[in-house]
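Geometric and topological summary
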Amino acid sequence: SWFFFFSLVVCLWTSESRTVQLTALGLLLFNVVYYLPRKTKIWAILAIVICVGAITVTDNPVTQKFRSTFSTETETTDGSTFPFDRAAFWLAHWRLVKDAPISGHGIHIPTEVRNRAYKDIGLESFSKKYTAHNMFLQVAAEGGIIGLGLFCFWYFGYIYVSFRNARHSKLAAILGQSLLAIAIAGLTQN
């Protein structure tokens, strides 16, 4: 289990995704507080505080990414007026949802359709005309309100059933927490 834990830490560290890192930290704190015995809980929280403190005060890729998040400089690479690239992705895909709100544009939205959405928001020459970087917005753009409703019913249904069975099964608790973490991280990822 220690090897698995440190492997996950390496994956989280190298992911460079602030959302994933914060979600994992929140999930770790929840599990420490909720599941560990009192004496172990105190030592685990102390270890987490020391690790987070060490990461915060040293110069490393994780700290640099978090500092850039809270700086006043923009993160866009194409000189757009958006504070960060994801804002452009989200607005373009919101435009796609508004164009086909009921049924969406289908899976793997054609490049010309996506380019038109970026053009509509004034980013015709934007080099990163990526997917939405929000799994719910992406599903809505591809499947419309119908697709998003079916996806949410299916996805959150699994989470509900997992948490309902969590008292009787550690595997169900792990599944529910994992699916919930993916949903939270999915707000800024596909």
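Here, the structure is the one placed above.
Nothing here was measured: the structure is a model prediction, and the numbers come from that model.

Analysis parameters
Residues numbered from 1 in each chain as written. Predicted model: local features only at pLDDT ≥ 70, side-chain atom pairs only at ≥ 80, totals over all residues. Heavy atoms only, no water. Helix = DSSP H or I, 4+ residues; strand = E, 2+ residues; numbered from the N terminus. Buried < 20%, exposed > 50% of the residue type's maximum accessible area, 1.4 Å probe, protein only. Contact = heavy atoms within 4.5 Å. Patch = residues over 30% accessible without salt bridge, like charges linked within 9 Å, V, L, I, M, F, W, Y side chains within 5 Å. Areas by Shrake-Rupley, 256 points an atom, 1.4 Å probe, with all protein chains shown as cover. Salt bridge = Lys/Arg side-chain N within 4 Å of Asp/Glu carboxyl O. Polar contact = N/O pair within 3.5 Å; in protein donor to acceptor, adjacent residues only side chain to side chain. Axes fitted to C-alpha atoms, helices over the stretch in contact; angles between N-to-C directions. Parallel < 35°, antiparallel > 145°, perpendicular 65-115°, else oblique. Left-handed = near helix turned anticlockwise from the far one by under 90°. Nonpolar A, V, L, I, M, F, W, Y, C, P; charged D, E, K, R; others polar. Phe/Tyr/Trp six-rings, centres within 6.5 Å; stacked < 30°, edge-to-face > 60°. Core = buried A, V, L, I, M, F, W, Y, C linked by side-chain atoms within 4.5 Å.

Here Thr188 is to be found in the segment after α8 (170–185). Owing to a relative accessible area of 16%, Thr188 belongs among the buried residues under this scheme. Apart from residues no more than four positions distant in its own chain, Thr188 is found in contact with Thr19, Arg86, Trp90, His133 and Asn134.

This brings us to a nonpolar patch on the surface. Residues Trp2, Phe5, Phe6 and Val9 make up a contiguous nonpolar surface patch of roughly 430 Å² in combined accessible area. Relative to the helices and strands, Val9 is located in helix α1 (residues 2–15).

With that settled, the discussion passes to the pattern of salt bridges. With the rule as written, the count across this model stands at two salt bridges. Where Asp85 meets Lys128, a salt bridge forms, and the shortest distance between an N and an O atom there is 2.8 Å. Of this pair, Asp85 sits in helix α5 (residues 85–99) while Lys128 is found in the loop between α6 (111–120) and α7 (135–164), placing the two residues 43 residues apart along the sequence. Look at Lys128 and you get partly exposed, because its relative accessible area is 22%. One salt bridge connects Asp120 with Arg95, and the closest N-O pair in it is separated by 3.6 Å.

What follows deals with the environment of Thr23. Inspection of the secondary structure assignment puts Thr23 in helix α2 (residues 18–35). When residues no more than four places from it in sequence are discounted, the contact partners of Thr23 are Ala181, Ile184 and Ala185. Looking at Thr23, its side chain comes within polar contact range of the main-chain oxygen of Thr19, at 2.7 Å.

Attention shifts here to the packing of α7 against α8. Relative orientation of the contacting elements α7 and α8 amounts to 155 degrees, with a least axis distance of 9 Å. The pairing of α7 with α8 is recorded here as roughly antiparallel in orientation. Crossing angle aside, the handedness with which α7 passes α8 is left-handed. Of the residues in α8, those touching α7 at Met135, Phe136, Tyr155, Phe156, Tyr158, Ile159, Ser162 and Phe163 are Ala172, Ala173, Leu175, Gly176, Gln177, Leu179, Leu180, Ile182 and Ala183. Residue composition of the contact of α7 with α8, by class: 14 nonpolar, three polar and no charged.

Counted according to the given criterion, the structure contains 16 aromatic pairs. On the basis of an interplanar angle of 45 degrees and a centroid distance of 5.5 Å, the ring pair of Phe89 and Tyr130 is categorised as tilted. Taken together, the residues span a long stretch of sequence, with Phe89 in helix α5 and Tyr130 in the loop between α6 and α7 at a distance of 41 residues. On the basis of relative accessibility, which here comes to 3%, the residue Phe89 falls in the buried class. Tyr130 gets classed as partly exposed once you look at its relative accessible area, which sits at 41%. Here the aromatic cluster, defined as three or more aromatic residues joined through ring pairs, consists of Phe136, Phe151, Trp154, Tyr155, Phe156 and Tyr158.

Another point: the packing of α2 against helix α3 (residues 38–57). In a pair of packed helices, the angle between the axes and the distance between the axes together describe the arrangement. Remark: α2 packs on α3, axes separated minimally by 9 Å, with the N-to-C direction vectors making an angle of 160 degrees. The angle between the axes of α2 and α3 places the two elements in the roughly antiparallel class. In this structure, α2 crosses over α3, and the sense of that crossing is left-handed. Residues Leu25, Leu28, Leu29, Val32 and Val33 of α2 pack against Lys41, Ala44, Ile45, Ile48 and Val52 of α3. Of the residues belonging to the contact of α2 with α3, the class tally is nine nonpolar, no polar and one charged.

Now for the nonpolar core. In terms of nonpolar packing, the biggest core is built from 16 residues, with Leu96, Tyr118, Leu123 and Phe126 touching the most fellow members. For this core, the secondary-structure elements that each account for two or more residues are α5, α6 and α7. Among the elements that take part in this core, α5 stands out by supplying five residues, more than any other. Membership of the second largest hydrophobic core comes to seven residues, among which are Met135, Phe136, Ile159 and Ala183.

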